[in-house]
Amino acid sequence: MIRSRASVGLIASALVLAACQTAGRTVYEAPLRQGELLDPPAATEQKQTAATTQSDFGLVDADTIAHDGRYFRITDLSPGERPSPETLEAGLWQSMDRVEQQTRTSGNRVDDTELNAYLTEVTCRVAGEHCNDVRVYVMRVPAFNATMAPNGMMQVWTGLLLRTRNEAQLAGVLGHEVGHFLRRHSAQRMKNVIETTNFLAFFSAATGGWGSIAGLFAQGQLLAFNRDHEREADGYGLLLMNRSGYDPREAALTWSNLIREHDANEDKDERDPFLSTHPAPEERSKILGELGAAVASKMTTSEKGRDRFLEIMLPRRAAWLRDELNQRSFETSNELFDILLEDDPNPAEILFFKGELHRLRGEEGDEQMAIDFYVESLQAAGTPPAELHRSKGLVHNRRGAHTAAKESFEAYLEASPNASDRLIVEDMIKRLATS
Amino acid sequence: MATLAVFALTACVQTAHKTTGELKSGSENRRIVLMPVDIELSVLNAGGVNEPRADWTNAGREHVRTALAAHTAAFEAEIVVPDNSDILDDLDKEQLQIVKLANAVGSSILLHEYLPQLKLPTKKDQFDWTIGPDAKLLKEKYDADYALFVFLRDSYASSGRVAVIIIGAILGVGVQGGIQAGTATLVDLDTGQVVWFNRLARASGDLRNGDAATETIKLLLTEFPT
Amino acid sequence: MRPIRSIGLAVTALLVLSACQAYNLAESGKSIELAKSFSMTPARDWNLAVNGKVQIWTIEGPILQRMQVFNGIEDGKPLVEALSADQDKKPPVFEASMTPIEIRDLFVATIARVSQLNLETGELRPEAVADEAGFRFEYNYTDKNGVDKRGFVLATTRNDRLYLFDYAAVALYYYERYINDAEQLVKSLSASAA
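Below: a short report on this structure. (Residues numbered from 1 in each chain as written. Chains lettered and ligands numbered in written order. Predicted model: local features only at pLDDT ≥ 70, side-chain atom pairs only at ≥ 80, totals over all residues.)

### Looking at the overall build of chain C
Part 1 of the argument: Looking only at helices and strands, chain C features three helices and twelve strands.
Part 2 of the argument: Counting over 194 residues, chain C shows a buried share of 49%.
Part 3 of the argument: Of the contacts made within chain C by residues no fewer than 6 positions apart, 43% connect residues no fewer than 24 positions apart. (Helix = DSSP H or I, 4+ residues; strand = E, 2+ residues; numbered from the N terminus. Buried ≥ 20, exposed ≤ 12 C-beta atoms within 10 Å, placed from the backbone. Contact = placed C-beta atoms within 7 Å.)

### Description of the interface of chain C and chain A
Part 1 of the argument: Chain C puts 33 residues into the contact, and the matching count from chain A is 37 residues.
Part 2 of the argument: Of all elements in the fold, only helix H2 (100-115), strand E8 (125-126) and strand E9 (134-142) of chain C reach the threshold of two or more residues within the side of chain C that touches chain A.
Part 3 of the argument: Counting residues per element, the side of chain C that touches chain A draws most heavily on H2 of chain C, at six residues.
Part 4 of the argument: Each residue belonging to the side of chain C that touches chain A can be placed in one class, and the counts come to 14 nonpolar, nine polar and ten charged. (Nonpolar A, V, L, I, M, F, W, Y, C, P; charged D, E, K, R; others polar.)

### With respect to the sheet that holds strand E12 (residues 190-191) of chain C
Residues and elements named next belong to chain C.
Part 1 of the argument: Strand order in the open sheet formed by three strands is E2-E3-E12, with antiparallel pairing between adjacent strands. In this open sheet, the two strands that pair with only one neighbour each are strand E2 (32-34) and E12.
Part 2 of the argument: Note that E2 and strand E3 (residues 38-40) share three bridges and pair antiparallel. Following the sheet pairing, Leu34 is matched in E3 by Phe38. (Pairing = 2+ DSSP bridges.)

### Focus: the sheet that holds strand E3 (residues 153-157) of chain A
Residue and element names in this part refer to chain A.
Part 1 of the argument: Read across the open sheet, the three strands follow the order E1-E3-E2; overall the sheet is mixed. Strands at the two margins of the open sheet, each flanked by one partner only, are strand E1 (135-139) and strand E2 (146-148). On average, each strand axis in the sheet is tilted by 20 degrees relative to the strand beside it, whichever way the strands run.
Part 2 of the argument: Bridge count for E2 against E3 is three bridges, and the pairing is antiparallel. Paired with Met148 across the strands is Met154, a residue of E3.
Part 3 of the argument: Against the sheet, helix H5 (residues 113-127) contacts E1 and E3, and its axis sits at roughly 135 degrees relative to E1. (Axes fitted to C-alpha atoms, helices over the stretch in contact; angles between N-to-C directions.)

### Focus: the interface of chain B and chain C
Part 1 of the argument: With 22 residues of chain B at the interface, the matching set in chain C holds 25 residues.
Part 2 of the argument: Contributions of two or more residues to the side of chain B that touches chain C are made by helix H1 (2-9) and helix H3 (93-114) of chain B.
Part 3 of the argument: Looking at the side of chain B that touches chain C, its residues break down into eleven nonpolar, eight polar and three charged.

### Focus on the packing of helix H15 (residues 330-341) of chain A against helix H16 (residues 347-361) of chain A
Residues and elements named next belong to chain A.
Part 1 of the argument: As a packed pair, H15 and H16 sit with axes 10 Å apart at the nearest point and diverge in direction by 165 degrees. Of the possible angle classes, the one that applies to H15 and H16 is roughly antiparallel. Taken as a pair, H15 and H16 cross one another with a handedness that is left-handed. Contacts between H15 and H16 involve Phe330, Ser333, Asn334, Phe337, Leu340 and Leu341 on the former and, on the latter, Pro347, Ile350, Phe353, Lys354, Leu357 and Arg361.
Part 2 of the argument: Residue composition of the contact of H15 with H16, grouped by class: eight nonpolar, two polar and two charged. (Parallel < 35°, antiparallel > 145°, perpendicular 65-115°, else oblique. Left-handed = near helix turned anticlockwise from the far one by under 90°.)

### A few points about the pairing of strand E8 (residues 194-202) of chain B
Residue and element names in this part refer to chain B.
Part 1 of the argument: Most of E8 is tucked away, with eight of its nine residues classed as buried.
Part 2 of the argument: In this structure, strand E1 (residues 17-18) lies alongside E8, joined through two bridges in antiparallel fashion. Directly across from Lys18, in E8, lies its bridge partner Trp196.
Part 3 of the argument: Bridge count for strand E7 (residues 180-188) against E8 is eight bridges, and the pairing is antiparallel. Counterpart to Gln180 in the pairing with E8 is Arg202.
Part 4 of the argument: Linkage of E7 to E8, two consecutive antiparallel strands, is achieved through a turn of five residues, within which Gly192 is found at a positive phi near 90 degrees.

Right, dumping it as structure tokens:
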């Protein structure tokens with residue numbers, strides 16, 4: 001419906017700016033002031049409705065919030081609640097139930113019992129009494145994202161699992177998504193979209209197509225609405241981390257790492273749709289950092305859960321790293337690999353993929369860099385993937401270093417005698433021997 | 001989504017495709033299992049956003065079942081509605097693949113039989129589509145001779161949308177109102193052959209209402225084998 | 001992290017569009033030239049749609065089964081021309097010096113980018129294509145709708161161009177039903193005079 005963005009009116013711009021600035025810090029804080037912070041953490045015992053005043057977070061006092069209802073309670077959606085059939089929300093739920101059916105058998109779903117059990121466990125710890133309302137699906141998509149549907153279907157993408165470094169960071173994201181669910185953000189958004197486009201349809205029909213100013217305004221309003229939801233969900237992320245005993249300071253780290261990746265990309269697209277619908281990562285990192293520290297100061301113990309997390313993720317990671325390289329976003333991938341290398345228990349694997357990055361990029365000097373990283377990987381702690389020697393052979397082969405290529409291929413076959421490409425590699429060895 | 005786009009492209013001629021005009025007469029009462037009906041009723045808001053309505057969808061599903069049963073009873077065929085018919089969860093992996101294949105075949109029929117630009121020259125004028133002999137697994141599961149797959153979407157212009165349509169008409173701009181679209185596929189569970197297929201695409205009809213639903217089903221089941 | 005939205009939308013639009021190439025009859029016994037390097041002679045009637053450098057051969061429509069022919073992809077070009085339009089990400093490209101392993105990886109990366117599908121590949125082995133050195137591998141995947149698919153790829157490089165034959169079909173019934181026709185098609189390949 002919102003088609004024309006061509007003519008930009010000053011009035012519209014002003015309205016858009018105004019819409020953006022209505023939000024900010026208070027939205028992040030609202031859940032924290034509404035929900036009671038717990039210490040020591042009590043993961044199983046979830047308290048509902050908390051009218052306790054937390055003056056540390058107070059720009060508005062707790063009573064005001066309770067009265068005007070603009071800010072929100074964690075009890076918005078009660079456990080097990082389904083919206084009644086005549087509501088807009090019920091229609092959304094029903095539609096999403098059908099999508100969920102599809103998701104369950106979709107080719108992108110990671111059908112991995114242990115991984116799914118782990119994510120369900122962390123989700124339940126975070127969601128508390130809403131554990132049964134939320135169902136988590138791991139989707140093999142190489143981007144940092146998680147989604148929440150109004151009916152409680154949550155998707156977590158493998159690109160996110162690759163980037164989070166411990167269970168607390170994962171819990172922060174899951175808590176954020178649970179916040180979207182509890183606050184019924186999808187239904188709010190749908191209602192807002194319908195109302196805004198309705199307004200727009202009349203406006204453009206009545207003005208015979210001069211709807212572009214209205215269109216811009218409407219769009220700006222929708223995006224601001226989106227950003228407020230994200231802020232509020234971030235607040236829930238912190239609240240739920242606190243309630244389930246995770247270190248709330250970890251939430252901000254997710255964002256500072258993403259900023260590093262984003263900045264590494266020289267031809268980044270500033271019109272990235274993620275950024276237009278979400279608050280700037282810088283804002284999220286800053287505010288979550290401050291609020292996370294404040295929440296943490298109220299907790300005597302909290303957990304990062306790094307070992308548990310990595311124990312599950314590391315054995316599965318190679319495929320996700322490969323997916324990452326298939327995106328051919330070499331600058332951001334390189335930054336990601338550097339971030340991982342800072343504290344990774346298996347640097348050999350990451351170094352191998354740094355080598356792969358240079359092999360696949362194939363620019364000036366990349367061949368030597370690739371070889372160097374393969375060599376470094378072999379000397380580093382941890383285990384590089386079996387195909388390291390094959391990749392090394394491919395680079396040597398490309399450079400015309402036939403003897404070195406042949407030796408690498410032979411080393412590959414010796415290391416993995418049952419390789420699915422054995423016949424091709426033997427064939428290449430034969431050709432190299434005669435060339 | 002793709003399916004709906006195709007509906008928009010297909011002309012509104014009502015012709016069913018079929019390989020036979022008659023159901024097999026082996027057993028006394030021919031049994032047709034109604035696979036979970038994929039149905040959604042929605043309001044088309046003034047701004048063109050479709051808002052799904054759960055209460056209407058539930059009512060529509062019931063009306064469709066009733067109308068189908070009444071329609072086929074007239075020629076001694078029994079519509080079997082499996083328990084738990086809204087979900088496919090009680091099918092095993094292989095049975096589920098058959099259902100998914102049937103959907104893929106349905107999409108192929110819609111594309112290649114109804115869109116002139118996508119006609120497959122090798123098919124000539126023969127209506128020849130199949131889900132293969134594994135269809136037998138559904139026969140065993142439901143003790144049925146045929147399976148019927150039904151897909152329906154029905155949207156209604158809100159009063160706001162009607163106002164926009166009127167303003168548009170005054171200004172000479174065409175604005176889309178509600179639409180009713182659907183497909184129905186009948187598969188012989190002994191052979192897997194699609195014996196009959198039809199689709200519906202029009203700007204009228206109302207599945208919220210029992211009598212109107214009967215009319216829709218009658219139209220959708222045009223030339224249904226008896 | 002955003003509430004659900006349709007990530008498949010762009011892909012679906014692409015499918016609808018690419019499905020909109022008209023099909024012509026490729027008659028049994030009549031040879032078809034492939035970029036002046038090969039010719040192919042079907043032993044049965046097929047439907048053939050051509051979209052730039054990609055040919056779609058099908059009997060039952062591409063949703064159920066099809067042979068996709070990447071017909072002489074040039075050095076430095078992606079398998080799917082549309083990928084060049086993406087300003088954010090470089091497309092994976094073919095290079096004339098690539099080994100079979102690298103071409104296999106290129107194919108897998110291309111499918112991941114175009115369709116967001118993850119292929120599982122089987123044994124990679126040498127196989128001649130019309131007397132040129134070539135290679136083959138099988139693969140399988142589950143599509144977005146949850147339909148299990150099976151396929152094989154046969155490919156070779158000639159005069160610095162890539163010729164890649166990709167047969168895929170619904171795993172249930174359809175793969176087996178037309179596998180002999182697909183094999184016949186690639187066995188009929190013969191090299192044209194260079």
